[in-house]
Amino acid sequence: QKAAKVLEEAGIAPELIYTVEGGAKALAKEKGALTSDRTEEDIDWQYVKAADVLGKEGLQIVDVRDDDTYAEGHLENSLQVNLKDFANADSQTALYELASEKLNKDEPVYFLCYSGNKCAKTAISVLKDGGFDEKNLFIIENGAKDGDVSAAFAK
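Every value quoted in this text rests on a predicted model; they were computed, and no experiment measured them.

Definitions and limits used
- Residues numbered from 1 in each chain as written.
- Predicted model: local features only at pLDDT ≥ 70, side-chain atom pairs only at ≥ 80, totals over all residues.
- Heavy atoms only, no water.
- Helix = DSSP H or I, 4+ residues; strand = E, 2+ residues; numbered from the N terminus.
- Buried < 20%, exposed > 50% of the residue type's maximum accessible area, 1.4 Å probe, protein only.
- Pairing = 2+ DSSP bridges.
- Contact = heavy atoms within 4.5 Å.
- Axes fitted to C-alpha atoms, helices over the stretch in contact; angles between N-to-C directions.
- Expected span 1.5 Å × (residues − 1).
- Arc of directions from axis to C-beta.
- 1 Å grid on protein atoms, 1.4 Å probe; cavity = no way out; pocket = protein on both sides within 12 Å on 5 of 7 lines; lining within 4 Å.
- Points joined across faces, edges and corners; volume = space filled by probe spheres on them.
- Core = buried A, V, L, I, M, F, W, Y, C linked by side-chain atoms within 4.5 Å.

Novice: In this structure, what is going on with unusual backbone geometry? I would like to understand it.
Specialist: The phi torsion of most residues other than glycine is negative, and most of the peptide bonds are trans. In this structure, N77 takes a positive phi of about 65° despite not being glycine. Position of N77 among the secondary structure elements: in the loop between helix 3 (67–72) and strand 3 (79–80). The exposure class of N77 is exposed, given its relative accessible area of 66%. Here the phi dihedral of N142 falls at roughly 70°; this positive angle occurs in a residue that is not glycine. Structurally, the position occupied by N142 is in the loop between strand 5 (137–140) and helix 6 (147–151). Residue class for N142 comes out partly exposed when judged on its relative accessible area of 38%.

Written out as structure tokens, the structure is:
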């Protein structure tokens with residue numbers, strides 16, 4: 001009821017607000033209802049080749065690999081948030097906070113993960129929910145597995 005009141009105060013019409021009878025306990029009985037795996041969302045995932053990113057100045061690159069891997073080598077001037085455990089709500093919140101503080105919503109954002117798949121897709125889902133236009137969100141194809149990408153890493 002408190003959440004519904006907050007939503008109404010934010011301008012959401014009461015007829016668009018629903019309450020799940022039984023709350024999270026009831027949802028827990030439904031397969032997949034309480035997941036934070038964002039990789040299967042209905043988003044037109046956009047990939048870019050490493051050559052389109054490497055060596056370019058002023059790009060917003062977010063590395064979503066874990067802290068230790070990032071420390072071993074990363075693209076210069078990239079930002080980093082650990083999304084290795086991509087379904088972890090705290091990790092997703094950390095990404096949202098980083099994006100809110102350090103990224104320009106009006107400019108393209110490029111995501112680098114291990115392989116160009118789940119971590120990067122999660123990052124795009126989180127930023128889309130944070131008001132970024134999904135047309136400006138890109139995954140670096142093949143991620144850090146790409147030989148050109150790993151060859152460009154700084155330490």
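Novice: Where do I start with the sheet that holds strand 4 (residues 109–112) in this structure?
Specialist: One key point about sheets: their strands pair by backbone hydrogen bonds, in either a parallel or an antiparallel sense. Here five strands make up an open sheet; going across it, the order is 1-5-4-2-3 and the pairing parallel. The sheet is open, and its two edges are formed by strand 1 (47–48) and strand 3, each paired on a single side. Bridge analysis of strand 4 against strand 5 gives three bridges, and the strand direction is parallel. Paired with F111 across the strands is I139, a residue of strand 5. Its contacts with the sheet place helix 5 (residues 118–129) against strand 1, strand 4 and strand 5, and it is angled at close to 170° to strand 5.

Novice: Even after reading the chapter, I still don't get helix 4 (residues 89–102), so can you show me in this structure?
Specialist: Note: α-helices contain 3.6 residues per turn, so residues at a spacing of three or four share the same orientation. Look at helix 4: 20 Å from first C-alpha to last across 14 residues, which is about the 20 Å you get at 1.5 Å a residue. Within the sequence span of helix 4, burial applies to S91, Q92, L95, L98 and A99. The arc enclosing the buried residues of helix 4, seen along the axis, measures out at 120°, which places them on a common side. Opposite its buried face, helix 4 presents the exposed residues D90 and E101, each directed more than 90 degrees away. Against the buried residues of helix 4 lie strand 2 (60–63), strand 3 and helix 5.

Novice: Mind showing me how you'd approach the environment of A51 here?
Specialist: Mapped onto the fold, A51 is located in the loop between strand 1 and strand 2. Along the backbone, A51 and D148 are 97 residues apart, and their C-alpha atoms lie at a distance of 7.8 Å.

Novice: When you look at the layout of surface pockets in this model, what are you seeing that I'm missing?
Specialist: To find the voids left in a structure, one rolls a probe of water-molecule size over its atoms. The space that makes up the largest pocket amounts to roughly 240 Å³. As for the largest pocket, its lining consists of 13 residues, and the residues nearest its centre are G55, K56, I61, E76 and N77.

Novice: Just to check I follow, could you spell out the nonpolar core for this structure?
Specialist: Nonpolar side chains tend toward joint burial in soluble globular proteins. Core analysis: the largest hydrophobic core is formed by 23 residues, its most contacted members being V62, V64, L95, V109, F111 and L127. Within the residue set of this core, elements represented by two or more residues are helix 4, strand 4, helix 5 and strand 5. Sort the elements by how many residues they give to this core and helix 5 lands first, with six residues. Not counting the four nearest positions on each side in its chain, L127 is found in contact with L95, A99, L103, V109, F111, F132 and L137. Judged by nonpolar contacts, the second largest core, of 10 residues, contains I61, L75, Y110 and L112.

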